[in-house]
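Analysis of the macromolecular model
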Amino acid sequence: MKRLLLGILSIVLLISCTVKSETPTDTEQTVLKIGAIKDFKRSLEGSTLVFDTLLQMTLDYKPLPNIITEWTRNDTATEYHLTIRDDILFSDGTPLTAQTVKWDIENVAPITYCVFSSLLKEVSITDTTHLKISLTAPYYFLPQDLALVTAIKEKGVDEALNITDFIGTGAYILKEYDEGQSASLIKNENYWNKAAAPSIPQVEWLVITDDNARNSALSSGQIDVLGISEHYLSIQYPLIDDLIKAKKMSFFEEPKDAFTSLMTISFNWKEGFCSDKALREALEYGINRQALVDTVFFGIPQASGHQFNPAFTDGPQNEKPYTYNPEFSKTLLAEAGYRDSDNDGVLEKDGKKVSLKFLISSKEDYQGDLAVFVKSELHKLRIDCEIIQVTGETMREHFKTGNYDLAVSHPWYEPIIGTVTYFGFDDNYTDYGLSYAINTKSVEAARALVESATEEQIKTYAGALWKEQYEQCVTLPLCTSSRMAIFNPCFEGFRFNGNVYRIDLSGVKLRTEKR
């Protein structure tokens, strides 16, 4: 019944949109309605409709000019010289100046967790279009970080890193705002970047926190697009599958080879059963990733045995992915002394039944399905599994005390220097689980990577880090977590940006032909 209703509503929506798009004057009245989880003023993604970023970024993580037009670094990557445009105005007519950019580099960068913020020594103004950034240590990825920094007026961010002044230089102007409910934006007719100027004149931001309510809103035409208002995959796989099969909605996704993160199971490698490398390695080869993707995730993401994307400069370019080989898993377990001495179907080690505690979030439906699948795979290896569903403070307590064996926790992300800063230097338990610094070699490689000044050094030290991570089986990768979005088929031209926080509507327009 649910799928039938979805199809009927989609057909009605399609017919109404197709008729509308045939009327030339309707373009001027078009409103794009975005379904969002967060309040507009608390959404980093939403803010990019109003604010420009200092640089742009490609999907393969290369910086491009924007407000900053040129940049150079010294040989040690501790000093950068920037050239900025001098013809940009905020929507109220206030000029964007070198002083504005200086303030943003110093105060706005922490909002998007820019690594360079902790290394910032000084930002100095050379003249009206030039600045110099000095760092306390080398940092090669500063330009990529600057592609995350938005141009906000001085004093436009409070001490809690909340944006307080929403007058920006961007493609849209915030006109109306109802806290926790909606926001209305209109096209900035004086937008400086004519090549990226949108054609959609008005955008509505509608806050719908419940998954089912958002899905119904898309099906009924209350909203036009889901999945662009969050920097992660925010649509449940069953809905994506429903809509793809119904063929009445359109969808788009990140290129499969450009994924910047993975769905990953983290091991508690410090304590308990998973402190045994042989067990971790056996699990790497004992989980059928492709079957997981096909049965639990409807074949939508891409199964992956890599801990991170090897296509990136700092990726595991020299490592081979883990592959499904259950017989090899069983051999590894037997060689490590795992036995079912009483023939009850559960292996033992040192006199203890092997039972793994799998910690998942009770708020994420997909994690429950994932855990059930993994439990069935472990059963084939004669390993027992207890699924622990918790959320909030209870989950943090489990993480901080190491009260788990397996968990769906924070994965590596691009650039990995960012992950290393949080998870690569120690073996502590955090609110997100156990860090990844499994041995001295891993820590040394992580510290050298952070201080890398050239691309070759990054490849070298990232390679050393990944060698330890793969050999020690620190995490169990499953599949890509690439973003996808579903939208009303009377629109076209949606795309994702290399900056995962940026909503790019520059190519979006009404579809001109019938489908």
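Details of the structure are given in the entry above.
Here is what the cut-offs are and how they apply
Residues numbered from 1 in each chain as written. Predicted model: local features only at pLDDT ≥ 70, side-chain atom pairs only at ≥ 80, totals over all residues. Heavy atoms only, no water. Phe/Tyr/Trp six-rings, centres within 6.5 Å; stacked < 30°, edge-to-face > 60°. Helix = DSSP H or I, 4+ residues; strand = E, 2+ residues; numbered from the N terminus. Buried < 20%, exposed > 50% of the residue type's maximum accessible area, 1.4 Å probe, protein only. Pairing = 2+ DSSP bridges. Contact = heavy atoms within 4.5 Å. Salt bridge = Lys/Arg side-chain N within 4 Å of Asp/Glu carboxyl O. Disulfide = S-S within 2.5 Å. Axes fitted to C-alpha atoms, helices over the stretch in contact; angles between N-to-C directions. Parallel < 35°, antiparallel > 145°, perpendicular 65-115°, else oblique. Left-handed = near helix turned anticlockwise from the far one by under 90°. Nonpolar A, V, L, I, M, F, W, Y, C, P; charged D, E, K, R; others polar.

**Regarding the packing of aromatic side chains**
The full count for this structure, using the stated rule, is 23 aromatic pairs. Taking 5.4 Å as the distance between ring centres and 40 degrees as the angle between the ring planes, the aromatic pair formed by Phe423 and Tyr436 counts as tilted. On the criterion of sequence distance, the pair formed by Phe423 in helix α12 (residues 416-423) and Tyr436 in the loop between β20 (433-434) and α13 (440-450) is long-range, its members being 13 residues apart. Take Phe423: its relative accessible area is 6%, and that puts it in the buried class. Judged by its relative accessible area of 3%, Tyr436 falls in the buried class. Between Phe487 and Phe494, the aromatic rings sit 4.6 Å apart at their centres with planes inclined by 50 degrees, giving tilted as the arrangement. We note that Phe487, like Phe494, is buried.

**Section: the pairing of strand β12 (residues 250-253)**
In β12, alternate side chains face the same way, and those of Ser250 and Phe252 are buried while those of Phe251 and Glu253 on the opposite face are not. Relative to strand β22 (residues 484-487), β12 runs antiparallel, the two being bridged by four bridges. Counted as the bridge partner of Phe251 is Ile486 from β22.

**Here we look at helix α3 (residues 98-107)**
By the criterion of burial, α3 is predominantly enclosed, with seven of the 10 residues buried. Those residues of α3 that sit buried are Ala98, Thr100, Val101, Lys102, Trp103, Asp104 and Ile105. Looking at the packing, one finds that the buried side of α3 touches β5 (79-84), β6 (120-127), β7 (130-135) and α4 (142-146).

**A few points about the pattern of salt bridges**
For the coordinates displayed, the defined rule picks out 22 salt bridges. We note a salt bridge from Arg483 to Glu254, for which the minimum N-O separation is 2.8 Å. Taken together, the residues Arg483 in the loop between β21 (475-480) and β22 and Glu254 in the loop between β12 and β13 (262-267) connect sequence positions 229 residues apart. With its nearest N and O atoms 3.9 Å apart, the salt bridge here joins Asp504 to Arg502. Taking the relative accessible area as the measure of exposure, Asp504 reaches 8% and is therefore buried. Salt bridges linked by common partners bring Asp342, Asp344, Glu348 and Lys353 together as one network.

**Examining the state of the cysteines**
In this structure the tally under the stated criterion is zero disulfides. Cys479 takes part in no disulfide bond, and the closest cysteine sulfur, belonging to Cys385, lies 17 Å away. By relative accessible area, Cys479 is classed as buried at 0%.

**Some details on the packing of helix α8 (residues 289-296) against helix α10 (residues 365-380)**
α10 packs onto α8 with a crossing angle of 135 degrees between their chain directions and a minimal axis gap of 11 Å. Taken as axis vectors, α8 and α10 run oblique relative to one another. As for how α8 packs across α10, the hand of that crossing is right-handed. Judged by residue contacts, Ala291, Leu292, Thr295 and Val296 of α8 engage Asp369, Leu370 and Phe373 from α10. Grouping the constituent residues of the contact of α8 with α10 by class yields five nonpolar, one polar and one charged.

Purely geometric stuff here, so don't read any function into it on its own.
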